[in-house]
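One letter stands for each residue in the lines below.
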Amino acid sequence: MKKTLIARATGVVLSGLLVACGGDGASGDLPSVSQPGKFFNRTATFAVCSQVGASCEDNTPTAAEIVAASEDGMTLVYTNSLKGEIGFVDIVDPANPKPLGRLDMGGEPTSVTVLGAHALVAVNTSQNFTNVSGKLVVVDMAQRSVVTEIQLGGQPDSVARSKDGRYVAVVIENERDETLGNGAPPQAPSGYLTIVDTVGAPSTWKTRVVDLKGLAALYPEDAEPEYVSINDDNVAVVTMQENNHLVLVDLPTGKVVRHFSAGAVTLTQVDLTDAPRPNLVSLTQTQANRLREPDGVTWFSKTQFATANEGDLNGGSRGFSIFHTDGTVAYDAGNTLEHLVARIGHTNDKRSDAKGNEPENVAFGRFEGTDYLFVASERSSVVAVYDMGQKNQPVFKQVLPAALAPEGVLAIPSRNLLIAASENDDRATSPTLRSALNIYQYQSAPAAYPTIQSVNRADGTPIPWSALSGLVAAPTGSVVYGIDDSFFRGNRIFEIDTSAKPASLRREIRITDPNGKIAALAAVLPAAKDANAFDATDLAAMVNADGSVNLDPEGIALASSGGFWIASEGAGTVGEAARPVLTANLVFKLSATGVIEEVIQLPADVNARQQRFGFEGIAESNGKLVVAFQRAWAGETQPRIGVYDLAAKTWQFMFYPLDAVTSPNKGWVGLSDLTALGNNRFLVIERDNQGGPDARIKKLYRIDLTGVANGATLGKTLVRDVLPDLRTTKGLVVEKIEGLAVLANGEVLLVNDNDGVDENNGETWLFNLGKLVLN
């Protein structure tokens, strides 16, 4: 047993903290100091599809799972398991990463690290779950060519190198078949750890095997090692996720020097229910004795390491933990990560019944004298940053947005850079999903993200929010009101103070129907023409037992008589059995407390044309309501602008001329929010349904309804192409800009809808475009 391990067990600290090197750690003697004026901000996003073609117009799915850097920190290498290759990226200028090409691995690359001039790639070549094999491919970084291959005998999942360059540790997981029986272990063959002695030329390197069977109390005969990290004493810590176990291995001798259970956590005030859509985030439940089941792990001193407690079988404690090498827990994050993602609109409610935000990986680095821990959340697509200056008391520093599903995290302190590799990619979806390398820089600047965060409720939990659609400004000051859409049940209006940085979501107003206004619609519904028509049963589903309602609020406006107007988009298409009409497009008048006071319907002949792209923005001006339809309805070529006379209770309609589709990924163009400018003029969002490299149309137009006849086509004037504004986030372009408001001082605000973090990375950006020329 190593001397430091014995010393730690007796409570004596013999070494200082570590500085990360390629994610594996390196020693240092100086105390950590806080840097209150310095933050990490995203400086660029490298879409992996740009390795295939600069314009990313190829539909081939790609991935960036694990990432490493050359010794000088100027080149990144990442694993692309979907393509069976690794990719190289030039980050000499981190704000302008450039593709350097790809290299086939002859199998599925699962992990990578860098040792000197070589990238060491773990590659799975297994035929199936029982006939397992794998190799460590040694790649010349400069030539981007294979030097040699070392057979590993099993399916590798993680690789790490020692700081002194003498050892490489490779986790051989031999993963289980989740479709076999109930998917649980034991399933042969068992996993193990392979040690590669890396002194000399790669062709001379030898391997040793460390048996991990019989250590864990759970499934002792089927070791399921997942991740590995090496400290300065050449001790490897191995997470055994399904076994809920941690193992310490002395690499020089190949001996297991200590092993212990990862233990369990009791979580309180978390959401454990994935209700059928519409969803609901309720931070009120308790989960007792939840196994941690750690995935990623990193040393940050010779005697302490941190784990990302993702979970797999029956576990996942939704946070991270700090362990001493004697197995005692120095710190556990408890419910704090779950509360963090709820506060910033990143809760993935579809995962609430599983493992929540799923912390996937951790990394450590010392940046300009300050020690930081980085925790990547796979399902909420963020990286949480913690100041580690106070022993055993991580202090939350900030949270960083990432492309969908960050898997690998890499600190490069020598260059003040942090990298997160996001693996999900699907160009056929909307919004467009592209795997990416997120590049962040440590700089003397305020944190750019989040742009909105909520305050606490009375019970101490944050107001959970997401899926913002419409936006409207208060008549004075800097307050705006937003609303969530049909992703959630029990729809709410949010009061947001934009003078705070980030903007403070400080109040929620639940929409309710205590007076039965929705049920009363049944008496005036037109006779159903077919079984798919909107009927009384559909009305009943719109109201919950507590009086809250399930609408699809896409637009919000202030009512001149007090309270709000809400434009609720209908669901379904008339005559289409696959998408039956479940709700009509409706306008609701609400009191200031959210009580429904009135419901306005479209004329029957217009409802007969309903398509699933209906009401979006709404505004009140000069005694009239103006409502934007997103796309053209049946038999029409352009979307409608509806004008409802509040006194006469009559509708008129004009048509809006959309721009033609220009995205290489095709899709469609439609309308989102609109806001009144006065004098019968309105500002409108026109956008395509494309994100990332495929986004082309994200524009603000002005329309003037003065003198336009019923049924006529409007003219429009371009006010601003906001695509350059969307690119200022340095991330992939967000697709759904859906909220628009003009403050009393003339500043224009824009916000995007993150789809409730459903097949979406969850980024919500509140843009202040300044004072535009609007008239």
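Anyway, here's the lowdown on the structure attached to this text.

Conventions adopted
Residues numbered from 1 in each chain as written. Predicted model: local features only at pLDDT ≥ 70, side-chain atom pairs only at ≥ 80, totals over all residues. Heavy atoms only, no water. Helix = DSSP H or I, 4+ residues; strand = E, 2+ residues; numbered from the N terminus. Buried < 20%, exposed > 50% of the residue type's maximum accessible area, 1.4 Å probe, protein only. Polar contact = N/O pair within 3.5 Å; in protein donor to acceptor, adjacent residues only side chain to side chain. Contact = heavy atoms within 4.5 Å. Pairing = 2+ DSSP bridges. Axes fitted to C-alpha atoms, helices over the stretch in contact; angles between N-to-C directions. 1 Å grid on protein atoms, 1.4 Å probe; cavity = no way out; pocket = protein on both sides within 12 Å on 5 of 7 lines; lining within 4 Å. Points joined across faces, edges and corners; volume = space filled by probe spheres on them. Nonpolar A, V, L, I, M, F, W, Y, C, P; charged D, E, K, R; others polar. Core = buried A, V, L, I, M, F, W, Y, C linked by side-chain atoms within 4.5 Å. Salt bridge = Lys/Arg side-chain N within 4 Å of Asp/Glu carboxyl O. Phe/Tyr/Trp six-rings, centres within 6.5 Å; stacked < 30°, edge-to-face > 60°.

Relative to the helices and strands, Ala308 is located in strand β23 (residues 304-308). Here Ala308 falls in the buried class, since its relative accessible area comes to 0%. In this structure, the C-alpha to C-alpha distance between Ala308 and Gly319, residues 11 residues apart in sequence, is 6.5 Å.

This brings us to the side chain of Arg492. Within the element layout of this structure, Arg492 appears in strand β36 (residues 492-497). In this structure Arg492 comes out as buried when scored by relative accessible area, which is 6%. A polar side-chain atom of Arg492 sits 2.7 Å from a polar atom in the side chain of Glu508. Discounting chain neighbours no more than four positions away, the residues touching Arg492 are Arg457, Ile463, Pro464, Trp465, Gly482, Ile483, Asp484, Glu508, Ile509 and Arg510.

This part takes up the sheet that holds strand β22 (residues 297-299). Pairing is antiparallel in the open sheet, where four strands are placed in the order β22-β23-β24-β25. With partners counted over all chains shown, the strands left at the sheet margins are β22 and β25 (329-332), one partner each. Taking each pair of neighbouring strands and ignoring which way they run, the sheet shows an average axis angle of 20°. In terms of strand pairing, β23 meets strand β24 (residues 320-324) through five bridges, oriented antiparallel. Opposite Gln304, over in β24, you have His324 as the bridge partner.

Quantified by volume, the second largest pocket comes out at close to 1,000 Å³. Around the second largest pocket, the lining is made up of 43 residues, and of these Glu65, Glu360, Glu378, Glu407 and Glu423 lie nearest the centre. Only β8 (108-115), β12 (156-161), β16 (225-230) and β26 (359-367) provide two or more residues apiece to the lining of the second largest pocket. Residues that form the lining of the second largest pocket fall into these classes: eight nonpolar, 11 polar and 24 charged.

So, about the nonpolar core. Formed by 26 residues in total, the largest nonpolar core has its most connected members in Ile493 and Phe588. Secondary structure elements with two or more residues in this core: β35 (479-484), β39 (564-568), β40 (586-590) and β41 (596-601). Filtering out sequence-adjacent residues up to four positions away, Ile493 remains in contact with Tyr481, Gly482, Ile483, Arg507, Glu508, Ile509, Ile511, Ile556, Phe564, Ile566 and Leu590. The next biggest cluster of nonpolar side chains, apart from the first, holds 21 residues, and it includes Ile685, Ala695, Val748 and Leu769.

Taking strand neighbours across the sheet as the criterion, the four strands line up as β26-β27-β28-β29 in an open arrangement whose pairing is antiparallel. Unpaired on one side and paired on the other, β26 and β29 (395-401) mark the two borders of the sheet. Averaged over all pairs of adjacent strands, the angle between their axes in this sheet comes to 20°, without regard to strand direction. Inspection of the sheet shows strand β27 (residues 370-377) paired to strand β28 (residues 382-387) by six bridges, in the antiparallel sense.

This paragraph deals with the pairing of strand β42 (residues 615-621). Along β42, seven of the seven residues are buried, which leaves the element largely enclosed by surrounding structure. Here five bridges tie β42 to strand β43 (residues 624-629), and the two strands are oriented antiparallel to one another. Following the sheet pairing, Glu620 is matched in β43 by Leu625. Between β42 and β43, which pair antiparallel and follow one another directly, the connecting turn spans two residues, one of which, Asn622, has a positive phi of 55°.

Here the focus is helix α2 (residues 336-343). Side chains three or four residues apart in an α-helix point the same way, a direct result of the helix having 3.6 residues per turn. Across the eight residues that make up α2, a large majority, six, are buried. Taken as a whole, α2 has its buried residues at Leu337, Glu338, His339, Leu340, Val341 and Ala342. After α2 finishes, the residue Gly345 shows a positive phi value of roughly 80°.

Let's shift gears to the pattern of salt bridges. On inspection of all chains with the given rule, the structure shows 40 salt bridges. Put simply, Arg379 and Glu358 hold a salt bridge, and the shortest N to O gap is 3.1 Å. With Arg379 in the loop between β27 and β28 and Glu358 in the loop between α2 and β26, this residue pair connects regions lying 21 residues apart in the sequence. Here Arg379 falls in the partly exposed class, since its relative accessible area comes to 29%. For Arg492, the salt bridge goes to Asp484, with nearest N and O atoms at 3.7 Å. Asp484 carries the same exposure label as Arg492, and that label is buried. Several salt bridges converge on common partners, so that one network encompasses Arg176, Glu178, Glu242 and Asp312.

Further remarks concern the packing of aromatic side chains. Here the structure, examined in full by the defined rule, presents 27 aromatic pairs. Centroid distance Trp299 to Phe305: 5.3 Å. Interplanar angle 75°. Geometry classified as edge-to-face. With respect to class, Trp299 is no different from Phe305; both count as buried. Members of the aromatic cluster, connected to one another through ring pairs, are Phe615, Phe629, Trp633, Tyr644, Trp651 and Phe653.

Our focus in this paragraph is empty space enclosed by the protein. Across all of its chains, the model carries three cavities of 30 Å³ or more by this definition. When its volume is computed, the largest cavity comes out at roughly 240 Å³. Lining the largest cavity are 22 residues, and of these Thr432, Leu732, Val733, Val734 and Asn761 sit closest to its centre. When its residues are assigned to classes, the lining of the largest cavity shows seven nonpolar, nine polar and six charged.

With respect to the secondary-structure elements, Val524 resides in the loop between β37 (503-510) and α3 (536-540). For Val524, a relative accessible area of 52% puts it in the exposed group. Considering only alpha carbons, one finds Val524 and Gln601, 77 residues apart in sequence, at a separation of 9.8 Å.

Along the chain, Asp546 falls in the loop between α3 and β38 (553-558). Of note is the side chain of Asp546, whose polar atom sits 2.6 Å from the side chain of Ser548.

Pro450 follows Tyr449 through a cis peptide bond whose omega is 0°. Here Pro450 lies in the loop between β32 (436-443) and β33 (452-454). Residue Pro502 is bonded to the preceding Lys501 through a cis peptide linkage, with omega at 0°. Checked against the element boundaries, Pro502 lands in the loop between β36 and β37. With phi around 60°, Cys56 is a residue other than glycine that occupies positive phi space.

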